[in-house]
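Residues per chain are reported as follows:
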Amino acid sequence: MIELSDLTKKFDTFTAVDHLNLRIETGEFFGLLGPNGAGKTTTISLMSTLLLPTEGEIRVDGEVLSRKNPGLKRKISVITQEYSMRQDMTMDEVMEYQGRLYFMPRKKIREKTEELLEFCGLIDFRRRTVRKLSGGMKRKLMVCRALLTEPEILLLDEPTAGMDALSRRQMWNLLRQLNDHNLTILLTTHYMEEAESLCQRVAFMDRGRLEEVSEPKKMVEQLGHFAVDEMTSDGLKSHYFKNREDAIAHLSRLTGQTALRNTTLEDVFVARAERKERQR
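Residues numbered from 1 in each chain as written. Predicted model: local features only at pLDDT ≥ 70, side-chain atom pairs only at ≥ 80, totals over all residues. Heavy atoms only, no water.

- Per an unreviewed UniProt entry, the protein carries the name ABC transporter, ATP-binding protein and comes from Eubacterium ramulus ATCC 29099.
- As stated in UniProt under Sequence similarities (unreviewed entry), the record for the protein gives "Belongs to the ABC transporter superfamily." (UniProt positions renumbered as here; feature names shortened; annotations may be inferred.)

This is the structure:
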């Protein structure tokens with residue numbers, strides 16, 4: 001279990017994370033969502049100890065997380081937005097280098113490398129250098145590298161950014177399989193479809209503050225299961241309804257280009273953003 005208590009990070013006068021209180025259960029697939037600058041990546045950096053908090057603390061299974069607790073840090077692996085691998089290394093070399101950083105026995109490194117590359121569908125490309133890999137293959141290799149030390153918690157900061165649709169779906173399937181093995185996963189993403197498909201719960205952040213935590217389906221239900229899209233002179237406008245009958249009745253009164261569809265988590269995100277714009 002991960003507990004964030006009044007977690008705060010300030011850079012001079014700017015507060016990137018503002019007294020964040022959050023609890024993530026063991027084995028949970030949790031999503032951290034919000035607009036650019038919401039504090040998501042800073043939160044991930046604090047949880048990986050890349051950054052130190054200005055105030056507050058992080059506990060993992062009741063222990064305070066710090067750089068001075070290597071045993072606890074070993075429970076956590078992080079995958080960043082950037083490709084942080086040497087371009088001239090092969091997959092085997094990337095994995096061996098990671099294992100040596102953690103003082104793993106060479107035999108264990110070889111065994112785990114074989115297992116993980118096979119699991120991620122990369123075994124046939126193991127001698128190919130990083131610079132010759134596709135974007136999706138690089139992301140999968142980063143997952144393999146992160147799992148080499150058998151962590152209990154995986155932090156993912158926009159892991160499918162820049163991937164094509166097929167590679168993204170393959171990554172989703174891989175992450176589901178990992179979560180099925182009781183790996184706790186914290187995901188930040190700008191793809192609402194991704195969060196809705198993968199996460200058991202999601203949290204919305206904005207300007208460093210936690211605004212809401214709930215299940216995606218409950219957030220959609222609160223907005224309304226059915227959406228009617230109307231093309232107006234000001235652009236696309238969506239109307240949300242609790243039941244299909246009301247949505248159809250509204251649709252029948254409209255003229256011009258319209259559509260009826262199911263509401264998604266992206267609609268929840270957009271509706272929240274539009275409401276804030278009106279309030280400012």
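**Things to note about the domain arrangement of the protein**
- For the protein, the assigned domains read domain 1 (2-214) and domain 2 (219-279).
- For domain 1 versus domain 2, the separation of C-alpha centres amounts to 34 Å.
- Each partner contributes residues to the interface: domain 1 has 13 residues there, and domain 2 has 10 residues.
- Contact between domain 1 and domain 2 buries roughly 970 Å² in total, counting both sides, with carbon and sulfur atoms accounting for 63%.
- When the area that domain 1 buries against domain 2 is broken down by residue, the three leading residues are M192, E196 and F204, summing to 53%.
- At the junction of domain 1 with domain 2, the criterion picks out 4 salt bridges.
- Summed over the shared surface of domain 1 and domain 2, the result is 5 residue pairs in polar contact (both at pLDDT 80 or more).
- Breaking the side of domain 1 that touches domain 2 down by element, the ones donating at least two residues are helix 7 (192-198), strand 9 (201-206) and strand 10 (209-214).
- For the side of domain 1 that touches domain 2, the leading source of residues is strand 10, giving 4 residues.
- Per-class residue counts for the side of domain 1 that touches domain 2 are 7 nonpolar, 2 polar and 4 charged. (Domains from an automatic or database assignment. Contact = heavy atoms within 4.5 Å. Buried area = accessible area lost by both parts, 1.4 Å probe. Salt bridge = Lys/Arg side-chain N within 4 Å of Asp/Glu carboxyl O. Polar contact = N/O pair within 3.5 Å; in protein donor to acceptor, adjacent residues only side chain to side chain. Helix = DSSP H or I, 4+ residues; strand = E, 2+ residues; numbered from the N terminus. Nonpolar A, V, L, I, M, F, W, Y, C, P; charged D, E, K, R; others polar.)

**A short note on the nonpolar core**
- L122, L141, L154 and L178 are the most contacted members of the largest nonpolar core, which has 46 residues in total.
- When residues in this core are grouped by element, the largest group, 7 residues, is from helix 5 (residues 135-147).
- Here this core spans two domains, since at least three of its residues come from each of domain 1 (2-214) and domain 2 (219-279).
- Those residues in contact with L122 that lie beyond four places of it in its chain are M91, L117, M137, K140, L141 and C144.
- L20, I24, F30 and A203 belong to the second-largest nonpolar core, a separate cluster that totals 23 residues. (Core = buried A, V, L, I, M, F, W, Y, C linked by side-chain atoms within 4.5 Å. Buried < 20%, exposed > 50% of the residue type's maximum accessible area, 1.4 Å probe, protein only.)

**Here's the deal with the packing of aromatic side chains**
- Scanning all chains against the criterion turns up 1 aromatic pair.
- Here F204 and F269 contribute two aromatic rings whose centre-to-centre distance is 6.1 Å and whose plane-to-plane angle is 35°, an arrangement assigned as tilted. Here F204, found in strand 9, pairs with F269, found in helix 10 (residues 265-279); they are 65 residues apart in sequence, far enough to count as distant.
- Overall, the relative accessible area of 2% leaves F204 in the buried class.
- Over the ring of F11 we find K9; its NZ or CZ atom is 5.4 Å from the centre of that ring.
- Of note, R168 hangs over the ring of Y191, and the distance from its end group to the ring centre comes to 4.0 Å. (Phe/Tyr/Trp six-rings, centres within 6.5 Å; stacked < 30°, edge-to-face > 60°. Lys NZ or Arg CZ within 6 Å of the ring centre and 35° of its normal.)

**Considering helix 1 (residues 40-47)**
- Of all 8 residues in helix 1, 7 are buried, a share of seventy percent or more.
- The set of residues buried in helix 1 consists of K40, T42, T43, I44, S45, L46 and M47.
- Looking one or two places after helix 1, you find T49, whose phi comes out positive at around 65°.

**Description of the environment of R126**
- Tracing the chain through its elements places R126 in the loop between helix 4 (106-119) and helix 5.
- Among the residues examined, R126 registers a relative accessible area of 16% and is labelled buried.
- Excluding anything up to four places from it in sequence, R126 contacts T90, M91, D92, T113, E114 and L117.
- Polar contacts involving the side chain of R126 include one to the side chain of E114, which spans 2.8 Å.

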